[in-house]
Amino acid sequence: SQQGEEDPQALSIQEGENATMNCSYKTSINNLQWYRQNSGRGLVHLILIRSNEREKHSGRLRVTLDTSKKSSSLLITASRAADTASYFCATSGSRLTFGEGTQLTVNP
Amino acid sequence: GAVVSQHPSWVICKSGTSVKIECRSLDFQATTMFWYRQFPKQSLMLMATSNEGSKATYEQGVEKDKFLINHASLTLSTLTVTSAHPEDSSFYICSATPQSTEAFFGQGTRLTVV
């Protein structure tokens, strides 16, 4: 069964705007990871946040983690058309479990 | 970062035939690899955990006799879809995690059974 649930399922924005995606999970985790998948391709790791961290940055990406609410958010700032992809969160206990994903479309 | 190579990237086969998909860790040793399946517009579903030198661990609902997994070396795991049927058509992805860091994924294999 899926551990994570992303919200929203689909998001369409204009280039330059920020995109925020949320992820909720159910059980205790060691870390939470965000991945990106272009259509019909493999997954690319974006960022990992450990259970004892609350916020992490990487370039235009900002991830937060709230273990009390069992939720995480991924913020992409100054979005570009090339950011169009599906984004998945994955929680790691003994193995990765993926959420349903958010399909992000950035319109030029 | 670490590299996981998956081959082939796509394959078309006839119903009833078997298809083998390879997953290689190119610059690290992987005692454990994971095989996922993804239907269009859906998330990745873990099928099985491939363990080097021992039997794979299958998720509930995944037929081990249909999806044969062999992990004969520290850098190679293979998934064989036996007696494939159209409903087995899907995107299959492997992953491996070096040193308990983030997982690295293969490019995926698009299987179409006609």
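Notes on the structure follow.

Reading the values: the criteria
- Numbering of residues starts from 1 in every chain and runs along the sequence as written.
- The naming scheme follows written order: chains are lettered A onward, ligands numbered 1 onward.
- A pLDDT threshold of at least 70 governs which residues receive local features in this predicted model, and a stricter bar of 80 or more applies before side-chain atom pairs are shown or counted, although totals over entire chains, interfaces and linings include all residues.
- Water and hydrogen atoms were dropped before computing side-chain values, which therefore reflect all heavy atoms in the structure.
- Helix and strand definitions follow DSSP, with helices as H or I runs of at least four residues and strands as E runs of at least two, each counted in order from the N terminus.
- Only protein chains enter the accessibility calculation, which uses a 1.4 Å probe; a residue whose area is less than 20% of its type maximum is buried, one above 50% is exposed, and one in between is partly exposed.
- By salt bridge we mean one thing: a side-chain nitrogen of Lys or Arg within 4 Å of a carboxyl oxygen of Asp or Glu.
- Whether two residues are in contact is decided by their heavy atoms: any pair within 4.5 Å suffices.
- In this description, buried area is defined as the sum, over both parts, of the accessible area (probe of 1.4 Å) that is lost when the two are combined.
- Between N or O atoms, a polar contact is any pair within 3.5 Å; within protein, one atom must be a potential hydrogen donor and the other a potential acceptor, and residues adjacent in sequence are included only when both atoms are from side chains.
- Throughout, the ten residues Ala, Val, Leu, Ile, Met, Phe, Trp, Tyr, Cys and Pro are labelled nonpolar, Asp, Glu, Lys and Arg are labelled charged, and all others, Gly among them, are labelled polar.
- Two strands make a pair as long as DSSP finds a minimum of two bridges between them.
- Between N-to-C directions, angles cover 0 to 180 degrees, with each direction set by a line fitted to C-alpha atoms, over the stretch in contact for helices.

Here the focus is unusual backbone geometry. Cis geometry is found at the peptide bond from His7 of chain B to Pro8 of chain B, where omega equals 0°. Among the secondary structure elements, Pro8 of chain B is positioned in the loop between strand 1 (4-7) and strand 2 (10-13). One non-glycine residue, Lys70 of chain A, lies in the positive phi region at around 50°. One can find Lys70 of chain A in the loop between strand 7 (61-66) and strand 8 (71-76). For Ser83 of chain B, which is not glycine, the phi torsion reads 45° and is therefore positive. Structurally, Ser83 of chain B is set in the loop between strand 8 (76-81) and strand 9 (90-96). Judged by its relative accessible area of 35%, Ser83 of chain B is partly exposed.

Attention now moves to the pattern of salt bridges. All told, the structure shown has 6 salt bridges over all chains when counted by the stated rule. In this structure, the salt-bridge partner of Glu22 of chain B is Arg24 of chain B, at a minimum N-O distance of 3.5 Å. Of the residues examined, Arg24 of chain B reaches a relative accessible area of 35% and is grouped as partly exposed. Sharing partners across several salt bridges, the network here consists of Arg36, Arg60 and Asp83 of chain A.

A word on the interface of chain B and chain A. The partner chain A presents 16 residues to the 17 residues of chain B that form the contact. When the area that chain B buries against chain A is broken down by residue, the three leading residues are Ser43, Glu102 and Phe105 of chain B, summing to 32%. Inspection of the chain B/chain A interface yields 0 salt bridges. For the interface between chain B and chain A, the tally reads 3 residue pairs in polar contact (both at pLDDT 80 or more). Broken down by secondary-structure element, the contributors of at least two residues to the side of chain B that touches chain A are strand 4 (32-38), strand 5 (44-51) and strand 9 of chain B. Among the residues forming the side of chain B that touches chain A, the class breakdown is 9 nonpolar, 5 polar and 3 charged.

All names here are of chain A. Taken in spatial order, the 5 strands make up an open sheet running 1-3-8-7-6, and their pairing is antiparallel. Either end of the sheet is taken by a strand with one partner, and the two such strands are strand 1 (5-7) and strand 6 (55-58). On average, each strand axis in the sheet is inclined to that of its neighbour by 15°, with strand direction left out of account. Here strand 7 pairs with strand 8 via 6 bridges, running antiparallel. Each residue of the ladder has a partner; that of Thr64, found in strand 8, is Ser73.

All names here are of chain B. Tracing the backbone through its elements, the reader meets Asn51 in strand 5. Overall, the relative accessible area of 18% leaves Asn51 in the buried class. A distance of 3.5 Å separates polar atoms of two side chains, one belonging to Asn51 and the other to Thr57.

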